[in-house]
Amino acid sequence: MTTTDTKITYYTLPLSGLSCQGCVKKVTKALEDIDGVRIEDVDTQSLSLETWGESEQYSLRQAVSAIESLGYHVGYRHHFTLSGLNCGRCVAKVEAALDEQPTVFTHAVSKTHAEVHTSLSADALIEIIHQLGYQAARASDNDANVSTDNESPAQTDARNANPETSEASEASEASEAKSSSVDNPADSSKASRQQYVLSGMTCASCVQSVENAISGVDGVANVSVNLAERSAIVKGSASSDAIVAAVANAGYGAEKVEDDNDRRERQQTQQANELKNFKRSTFAGLGLGAPLMAWGVFGGSMTIQSSQDQWAWGAIAVVTLLLLATGGRHFFANAWQALMHKRATMDTLVALGTGAAWLYSTAVVIAPALFPEQARHVYFEASAMIIGLISLGHAIEARARANTSKALDQLLDLQPPTALVIENGQETERPLDEVKQGMTLRVKPGAKVPVDGEVVDGSSYIDESMLTGEPVPVHKTAGDTLHAGTVNQKGGLTFKATGVGSDTMLARIIDLVREAQSSKPELAKLADRISAVFVPIVVAIAIVTAAIWYFVGPEPSVSYMLVTATTVLIIACPCALGLATPLSVTAAVGRAAEVGVLIRDADALQTAAKLHTLVFDKTGTLTRGQPEVTHVNAIHGDQERLMAIAASLEQHSEHPLAQAIVGYAKQQTLALPTSNDFNSESGKGIQAKIEGERYYIGNQAWMQAQGIDTDARQTDIDAMTQRGETAIYLANADSVQALIGVSDPIRDDAIDAIARLQQQGLEVIMLSGDHPDTANAIGRQLGIDHVIAGVLPDGKSEQIQSLQQQGKCVAMVGDGINDAPALAQADVGVAMGSGSDIAIESAQITLMHQHLGALADAIGLSQAAVRNMKQNLFGAFIYNTLGIPIAAGILYPFTGMLLSPVIAGGAMALSSITVVTNANRLRFFKIKSDDK
């Protein structure tokens, strides 16, 4: 970047997504009418432009916004992990430093992470942050840049666009060259995000152990382990071999998976094997234990009184040992692994309980004389029944856990496995993983679109309801965008692949759902901290219980000691505690995805449940974002002729209000007169000669600048303002000829959605850059009392911050690039799926449906999910809090009865089944927008 004496600043920005000269023309046209911007050169890979004036930085960002709105990409998107930031002031300091950089277009900064959209290199940004006294590191070795493989000299200029950081950029040239030579942006994102299928985990303490093991690997930036799915998502630059080795050293198994289809296949195989093993253990345990228990219940002797009893029960001891070595083998194997790694898990408790019962009973069989006559009781049925009941609980739990992932599987099934590729004029059916960006493909009538692309030839209607929720098919012709997973209706289409593999919109949606299902809310983190110490505490309680019964209990004290200690160990198994929150999160996020609501992580789910205030951006969120002519007041002359003149003037402008007038003329099939001697002033109006007479069109300031009196029309203007219309004046040299009212129509479902949100007890605020009178008029139509008007694009985040300082939990709902800072600032950012990529990336919740009512559904589902998590945690805590004292014999002095270890095993299995069943209720949460 160089600055001349005339204060003109030159920038060269890398581009991607442009595949032809038609794309170049679109970019050129989009930038032509932006004030303070002039194009020097543009091709499919880079853009050179100059800006000037006091608002050059804003002009540059307008240019970037205009290009991104076309579906192309500018610059790079860097992701960093931060350290050293301790408070909101530190975050604000970093944000201020980034705001000072003209080529930083948007950013989202927290105390631990930063996402920056810029044309600067990653190393240049790291240097800027280091100069503030903080530390920053790339979230991966390969930044997900949007440039092409071969970096041009123009792109090198863009990397060094800021003179203050050019030195740092040059110093990191070699590193940057490596990160910029990525064939596809998706490839780098793959390198930074790895998926693993885990084995050997049984409870929350296992999750903690696996997370600690993976976190200790060099290069791991973030890890999330999901007990419900036995899976892990790891972000960072660590090698997969190091991660697998770390998990193995911790006593568990890990297999890396390449994509979600691979993950699903391995998980289904693993679940099928688990279910088969659990069923076998259930039949074996109950098959042996139930007859033994029935023998005792119906009067049979469970004591050793003779040598014959010894032989009989000795045979049963051998059979029970075989059961423990087969059906119960995994309990003992996992317990041994845990012991070797100096920890205790749920399997430790089961192994101790069943093992103690078998050892005691076997000792009685072998040497009954060593025990008092009253203590010669055997408990082989307890060992067998505990194995059988816990295995039964695991089998039911495994089947139910598989159902919680069905929503994600349905998303995966949307993409067809093959595609029709056209090469050298021949069509061949190829596996989807062989389709590359730039290939030409055909989609037949009734078939699903295999990858994202741009239509080259043909015309058809595409059912996009899986993405947008709109039931009406969308007409697609040459130049239009196609998305993977959508369905072609009738006509055949030829299109060029622009997004393949993990770079399709469907893949990004699946990634969002996957990561959200694996994330943890604060409630889960609390449960993890408790689980980390829970099992050792239970073992200690069992030892204390055994000691009390042995030293002060009634005779036979040895038998009482064994029964109570075993029962404590069995009833305290923390299966339910470990499943309480991940199952709820998985079910809720999956249910939301089914109806087009994407929730980024579990914290967003939990925060959305406690919202106080919702702030809506007006344009494109509450309104359609497409202004229309809603009122014409012809003062002097015929209305059709005056509107034809207005359209003739406005056809030279790309301004949305101008396009609304031109569109109105086209709808009315008006013949436009020829205009010449054209002149315009940005933001005010246009003048030109038509049929020898000069006409003016624009706002009131434009009229006054031309010396045209507008006072006589003030009453009409006030009426338009009250209706929420923007008044456009059409005048000749003498007077105002017509008043044209243009407004952005309110979304059809906006009024109902606002009412639903208010009925949920939420404060609704509308944020707008419009004149206060116009904004308040629209607010009244929507039923919104609190309207904040006249807000500049860069002032939205300040408004959100102001509300947060009042102690409110705030959600921001928007769709534009200029909404991204406010979405990032809000406690929960909600983006419309039809909005810009940057807005979606900055938000925690994305509404793929175009119905605002989906937001009320999302908040209702979040509240239901948090209630469900609390119910599960409460049930798990209460179960253990009440169960352990009862198992220890606290009721014995009052009732003379002790809890049987068998009953404890059944209760423990039942608690897990209850948690799983309760979480799965979220899959059937009633969504009002389903009926749309």
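Bear in mind that the values here come from a model prediction, so they are computed numbers and not experimental data.

Cut-offs used in this document
Residues numbered from 1 in each chain as written. Predicted model: local features only at pLDDT ≥ 70, side-chain atom pairs only at ≥ 80, totals over all residues. Heavy atoms only, no water. pLDDT = per-residue confidence, 0-100. Contact = heavy atoms within 4.5 Å. Salt bridge = Lys/Arg side-chain N within 4 Å of Asp/Glu carboxyl O. Helix = DSSP H or I, 4+ residues; strand = E, 2+ residues; numbered from the N terminus. Buried < 20%, exposed > 50% of the residue type's maximum accessible area, 1.4 Å probe, protein only. Pairing = 2+ DSSP bridges. Axes fitted to C-alpha atoms, helices over the stretch in contact; angles between N-to-C directions. Phe/Tyr/Trp six-rings, centres within 6.5 Å; stacked < 30°, edge-to-face > 60°. Parallel < 35°, antiparallel > 145°, perpendicular 65-115°, else oblique. Left-handed = near helix turned anticlockwise from the far one by under 90°. Nonpolar A, V, L, I, M, F, W, Y, C, P; charged D, E, K, R; others polar. Polar contact = N/O pair within 3.5 Å; in protein donor to acceptor, adjacent residues only side chain to side chain.

1. Quick word on the confidence of the model for the chain
- In this model, the chain carries a mean pLDDT of 77, and residues with pLDDT of at least 70 account for 82%.
- Here residues 140-191 is modelled with pLDDT under 50, and outside its nearest four sequence neighbours on either side it reaches 99 contacts, counting other chains as well.

2. Describing the pattern of salt bridges
- All told, the structure shown has 10 salt bridges when counted by the stated rule.
- Between R641 and E691 there is a salt bridge, with its nearest N and O atoms 3.6 Å apart. Here the residue R641 occupies a position in helix α25 (residues 639-650), and E691 occupies one in the loop between β26 (685-690) and β27 (693-698), the gap between them amounting to 50 residues.
- Looking at R641, the relative accessible area reads 41%, which means it is partly exposed.
- Where K808 meets E763, a salt bridge forms, and the shortest distance between an N and an O atom there is 3.0 Å. Placement of K808 in the loop between α31 (796-805) and β32 (810-814) and of E763 in strand β30 (residues 763-767) is noted, with a sequence separation of 45 residues between them.
- Residue classification places E763 among the partly exposed positions, given a relative accessible area of 26%.
- Salt bridges linked by common partners bring E423, R430 and E434 together as one network.

3. As for the sheet that holds strand β31 (residues 786-788)
- A sheet is described by the order of its strands in space; here 7 strands give the open sequence β22-β34-β33-β32-β23-β30-β31, paired in mixed fashion. Looking at strand neighbours, the two that pair on one side only are β22 (597-599) and β31, the edges of this open sheet. Each strand axis lies, on average, 20° off the axis of its neighbour in the sheet, ignoring direction.
- When strand β23 (residues 613-617) meets β32, the two strands line up parallel, connected through 4 bridges. From the neighbouring strand, F616 faces β32, where its bridge partner is V813.
- Sitting on the sheet, helix α34 (residues 853-888) touches β22, β23, β32, β33 (828-832) and β34 (845-847), and the angle it makes with β23 is about 155°.

4. Some thoughts on the packing of aromatic side chains
- Counting across every chain of the model gives 5 aromatic pairs.
- Here the aromatic rings of W549 and Y892 are separated by 5.3 Å at their centres, their planes lie at 80°, and the arrangement is edge-to-face. Taken together, the residues W549 in helix α19 (residues 522-552) and Y892 in helix α35 (residues 892-895) connect sequence positions 343 residues apart.
- Residue classification places Y892 among the partly exposed positions, given a relative accessible area of 22%.
- Ring pairing ties together the aromatic residues W549, Y560 and Y892, which thus form one cluster.

5. Overview of the packing of α25 against helix α26 (residues 656-667)
- Running from N to C, α25 and α26 cross one another at 135°; their axes reach a closest spacing of 9 Å. Regarding the angle of α25 to α26, the classification is oblique. Seen from above, α25 lies across α26 with left-handed handedness. Contacts from Q639, M643, A646, A647 and E650 of α25 reach α26 at A658, I661, V662, Y664 and A665.
- A per-class count over the contact of α25 with α26 returns 8 nonpolar, 1 polar and 1 charged.

6. Observations concerning the side chain of N732
- Of note, N732 is situated in strand β28 (residues 726-732).
- Side chain to side chain, N732 and E693 meet in a polar contact 3.1 Å long.
- A polar contact of 3.0 Å, which involves the side chain of N732, links it to the backbone nitrogen of S735.
- Look past the residues within four positions of N732 in its chain and what remains in contact with it is E693, R694, Y695, Y696, I708 and Q737.

7. Describing the sheet that holds strand β16 (residues 452-458)
- Spatially, β14-β13-β15-β21-β16-β19 is the arrangement adopted by the 6 strands of the open sheet, whose pairing is antiparallel. The sheet is open, and its two borders are formed by β14 (426-431) and β19 (481-482), each paired with just one other strand.
- Direction of pairing for β16 relative to strand β21 (residues 493-499): antiparallel, over a ladder of 6 bridges. The residue of β21 that forms the bridge with V455 is F495.

8. Considerations on the environment of R399
- Position of R399 relative to the elements: it lies in helix α15 (residues 380-404).
- Residue R399 is classed as partly exposed on the basis of its relative accessible area of 48%.
- Taking C-alpha positions, R399 is 7.4 Å from L275, a pair spaced 124 residues apart along the chain.
- Filtering out sequence-adjacent residues up to four positions away, R399 remains in contact with L275 and K279.

9. Overview of the pairing of β33
- Counted residue by residue, β33 has 5 buried out of 5 residues, so it is predominantly covered.
- Neither face of β33 is left uncovered, since the one carrying V828, V830 and M832 and the one carrying G829 and A831 both have all their residues buried.
- For β32 and β33, the ladder comprises 4 bridges, and the chain directions are parallel. When the sheet's bridge partners are listed, V813 is paired in β33 with V830.
- Judged from the 3 bridges that link them, β33 and β34 form a sheet pairing that is parallel. Within β34, the position partnered with M832 by the bridge is L847.

10. Details of unusual backbone geometry
- Between E555 and the following residue, P556, the backbone shows a cis peptide bond with an omega angle of -5°.
- With respect to the secondary-structure elements, P556 resides in the loop between α19 and α20 (557-571).
- A positive phi angle, near 55°, is found at N424, a position not held by glycine.
- Here N424 shows up in the loop between β13 (418-423) and β14.

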